[in-house]
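Listed below, chain by chain, are the residues.
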Amino acid sequence: YGDANQKIDYVFKVVLIGDSAVGKSQILARFARNEFSLDSKATIGVEFQTRTLVIQHKSVKAQIWDTAGQERYRAVTSAYYRGALGAMLAYDITKRQSFDHIPRWLEELRSHADKNIVIILIGNKSDLEDQRAVSTDDAKEFAEKEGLFFLETSALESTNVESAFMTILTEIFNIMN
Ligand code: GDP
Ligand code: MG
């Protein structure tokens, strides 16, 4: 994952948003370090992680920002969104409320972020199928109506995490080229 001496062609900032405990920090840990923890602590202070990958023979540094526990207070500031080219809007498939809050997050995103930002809706914790509270069809329909990409992921099982990031980064890349 990445090399200090590598030439970087692009840096793409992507922000993670969604309710607390949906798995944002673990999605990021899985993507950036291929790690997962079942007892992850709420993050303190704004932070991001990076991973450099190759898209169509160019090296792209993905700089992924994590909300750092501010989501409970709806205190995500405009600085967080500044310069973001992509956003991952995450809910937990076992927590209906986290899906019901998605329109609020979308509104927040649309008022703070660039209007051309690429957005993917993520239904995380797909490994907990027996506790599912949001159907795939409902989420897919919402995503289509709002013009968002959509995938269900499991940070725990590492399902679709790579695809979710590749979807958003490739779309940003294509818009720029
Ligand atoms: P955040 O508040 O959105 O950053 O959520 P965290 O990443 O801290 O995750 C909240 C809790 O959900 C932690 O206990 C994680 O281990 C757990 N978690 C995160 N992703 C998954 C997943 O894909 N499957 C399962 N079963 N648990 C997950
Ligand atoms: Mg977190």
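Residue positions within a chain follow its written sequence, with the count starting from 1. Whichever chain is written first is A, and whichever ligand is written first is 1; the rest continue in order. With pLDDT at 70 or above as the cut-off, local features in this predicted model cover only qualifying residues; side-chain atom pairs require 80 or more to be listed or tallied, and sums for whole chains, interfaces and linings still use all residues.

A. Region of interest: the overall build of the protein. Runs of E in the DSSP output that reach at least two residues are strands. Runs of H or I that reach at least four are helices, and both are numbered from the N terminus. Across its full length, the protein carries six helices and six strands. Taken from N to C terminus, the helices and strands of the protein fall in the order β-α-β-β-α-β-α-α-β-α-β-α. With C-beta atoms placed from the backbone, the exposure class of a residue follows from how many other C-beta atoms lie within 10 Å of its own: 20 or more, buried; 12 or fewer, exposed; in between, partly exposed. Per-residue burial over the protein gives 38% buried out of 177 residues. Working definition of a contact: two residues with C-beta atoms, positioned from the backbone, lying within 7 Å. Contacts in the protein between residues far apart in sequence, at least 24 positions, make up 72% of those at least 6 positions apart.

B. Molecular detail of the pairing of strand E1 (residues 10–17). Judged by how many residues are buried, E1 sits mostly within the fold: six of eight residues are covered. As paired elements, E1 and strand E3 (residues 58–66) share six bridges and run parallel to each other. Opposite Phe12, over in E3, you have Ala62 as the bridge partner. By the convention used here, strands pair only if DSSP detects at least 2 bridges between them. Alignment of E1 against strand E4 (residues 86–92), held across four bridges, turns out to be parallel. Bridge pairing in E4 links Ile17 to Leu89.

C. Region of interest: the nonpolar core. Core analysis: the biggest nonpolar cluster contains 44 residues, and Val14, Met88 and Leu89 have the highest contact counts within it. When residues in this core are grouped by element, the largest group, six residues, is from helix H6 (residues 161–176). Here a nonpolar core is just a set of buried residues of the types Ala, Val, Leu, Ile, Met, Phe, Trp, Tyr and Cys, joined wherever their C-beta atoms sit within 7 Å.

D. Just the pairing of strand E6 (residues 149–152), in detail. With four bridges joining them, strand E5 (residues 118–124) and E6 adopt parallel strand pairing. Looking at the pairing, Leu121 lines up with Phe150 of E6. The handedness of a crossover follows from its direction of travel: if, with the strands pointing away from the viewer, the path from the first strand over the helix to the second runs clockwise, the crossover is right-handed. Once the chain exits E5 it traverses helix H5 (residues 136–146) before rejoining the sheet at E6, and the crossover so formed is right-handed.

E. The arrangement of the sheet that holds strand E2 (residues 47–55) in detail. Here six strands make up an open sheet; going across it, the order is E2-E3-E1-E4-E5-E6 and the pairing mixed. For this open sheet the edge positions go to E2 and E6, each flanked by a neighbour on one side alone. Mean inter-strand twist for the sheet, computed between neighbouring axes without regard to direction, equals 25°. Direction of pairing for E2 relative to E3: antiparallel, over a ladder of nine bridges. Opposite Ile55, over in E3, you have Lys58 as the bridge partner. For every element, the axis is a line fit to its C-alpha atoms; helices are fit only across the contacting stretch, and the angle between N-to-C directions ranges from 0 to 180 degrees. Set on the sheet, H5 makes contact with E5 and E6; between it and E6 the angle comes to about 160°. The sheet strands contacting H6 are E1, E2, E3, E4, E5 and E6, and the helix crosses E5 at an angle near 175°.

F. Structural detail: the site of ligand 1. A molecule or strand has a residue near it when that residue's C-beta atom, placed from backbone coordinates, lies within 6 Å of it. Every one of the 18 residues lining ligand 1 counts as a neighbour, but Gly23, Lys24, Ser25, Gln26 and Leu156 are closest to it. With three residues, helix H1 (residues 24–33) is the single largest residue contributor to the shell around ligand 1. Side-chain classes are defined by residue name, with Ala, Val, Leu, Ile, Met, Phe, Trp, Tyr, Cys and Pro counting as nonpolar, Asp, Glu, Lys and Arg as charged, and the others, Gly among them, as polar. When grouped by side-chain class, the residues that make up the shell around ligand 1 number six nonpolar, eight polar and four charged.

G. Up close: the environment of His112. Mapped onto the elements of the fold, His112 is located in helix H4 (residues 102–112). Overall, His112 belongs to the partly exposed group, with 17 C-beta atoms counted inside 10 Å. Contact partners of His112, with chain neighbours within four places excluded, come to Ser78 and Tyr81.

H. Fine view of unusual backbone geometry. A positive phi angle, close to 75°, is found at Ala21, a residue other than glycine. Relative to the helices and strands, Ala21 resides in the loop between E1 and H1. By the C-beta count within 10 Å, which is 15 here, Ala21 ends up partly exposed. With a phi close to 45°, Gln56 is a non-glycine residue in the positive phi region. Within the secondary structure, Gln56 sits in the loop between E2 and E3.

In short, geometric facts, not functional conclusions.
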